[in-house]
Amino acid sequence: MTSEQLKKIRAYASREAVPILQDETGDFICNYIKEHNVKTVLEIGTAIGYSSIKFAAVRDDIKVTTIELDIDRHLTAVENIKLAGYSDRINAIHADALLYDSGSQKFDLIFIDAAKAQYIKFFEKYKENLAPDGVIISDNLSFHGMVADLSLTHNYSTKKLVKKIQKYVAFLKENQEFHTDFFETGDGISVSRKIINE
């Protein structure tokens, strides 16, 4: 059922121009979930539930908490999650992730895929919710190649956004608390692990 459901969501996303997880990125994260026995995932940016469903489908013991600001996308996600049969394992929350009280819950994997301009704020806020051996994965760090080559766009607002992503990449590289690996998978992703001082 899940693969059929995912196909339908992909078709809807294409039709309605909703950005969803690229296949390559989805496969990378699902493999990470499998290999590192991830049981709890926090996703910042639900969109219409595609990635949450993919993550929950990896294994029956995975629980996903996902936060979305846009009410229409949130409601579509809730419906998609219900149709996929994962309402008991995916908790879809309608909220501004920067204002949401995440409490003391810990997650094995935190996936940041929401407003690009807020990535540093998301990282700083939710790093407190990371399990000791957990990782923070961030998506769209290449932004269609523009992060490496700003001349690929002449659009002012896009340039502004790309500069924010460049700032986030620099923030990750210079971070003394986390070690980050960068991958060219999909539209560019990073995997950040907390540095454990012996």
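Going by the structure above, here's the rest.
Caption draft 1: Quick peek at the environment of Asp96. For Asp96, the location among the structural elements is in the loop between strand E3 (90–94) and strand E4 (107–112). For the pair Asp96 and Val18, spaced 78 residues apart in sequence, the C-alpha to C-alpha distance is 18 Å. Polar contacts involving the side chain of Asp96 include one to the main-chain amide nitrogen of Leu98, which spans 2.9 Å.

Caption draft 2: Summary view of the pairing of E4. When you tally the buried positions in E4, you get five out of six residues, the bulk of the element. Across four bridges, the pairing between strand E1 (residues 40–44) and E4 is parallel. Paired with Ile44 across the strands is Ile112, a residue of E4. As for the winding sense of the linkage, the β-α-β connection from E4 through helix H5 (residues 119–126) to strand E5 (residues 130–138) is right-handed.

Caption draft 3: Quick peek at the pairing of E3. One ladder, built from five bridges, connects strand E2 (residues 63–68) with E3; its direction is parallel. Bridging across to E3, Ile67 finds its partner in Ile93. Remark: the E2/helix H4 (residues 71–84)/E3 crossover connection has right-handed handedness.

Caption draft 4: Quick peek at the sheet that holds E5. The sheet built from seven strands is open, its strands ordered E3-E2-E1-E4-E5-E7-E6 with mixed pairing. Of all strands in the sheet, those bounded by a partner on one side alone are E3 and strand E6 (178–183). Put simply, the sheet's adjacent strands are angled 15° from each other on average, direction ignored. Most of the contacts of H4 go to E3, to which it runs at about 165°, and overall it touches E2 and E3. The strands touched by H5 within the sheet are E1, E2, E4, E5, E6 and strand E7 (189–194), with E4 carrying the most contacts at an inclination of about 165°.

What counts and what doesn't
- Residues numbered from 1 in each chain as written.
- Predicted model: local features only at pLDDT ≥ 70, side-chain atom pairs only at ≥ 80, totals over all residues.
- Heavy atoms only, no water.
- Helix = DSSP H or I, 4+ residues; strand = E, 2+ residues; numbered from the N terminus.
- Polar contact = N/O pair within 3.5 Å; in protein donor to acceptor, adjacent residues only side chain to side chain.
- Buried < 20%, exposed > 50% of the residue type's maximum accessible area, 1.4 Å probe, protein only.
- Pairing = 2+ DSSP bridges.
- Right-handed = clockwise from strand over helix to strand, strands pointing away.
- Axes fitted to C-alpha atoms, helices over the stretch in contact; angles between N-to-C directions.
- Contact = heavy atoms within 4.5 Å.

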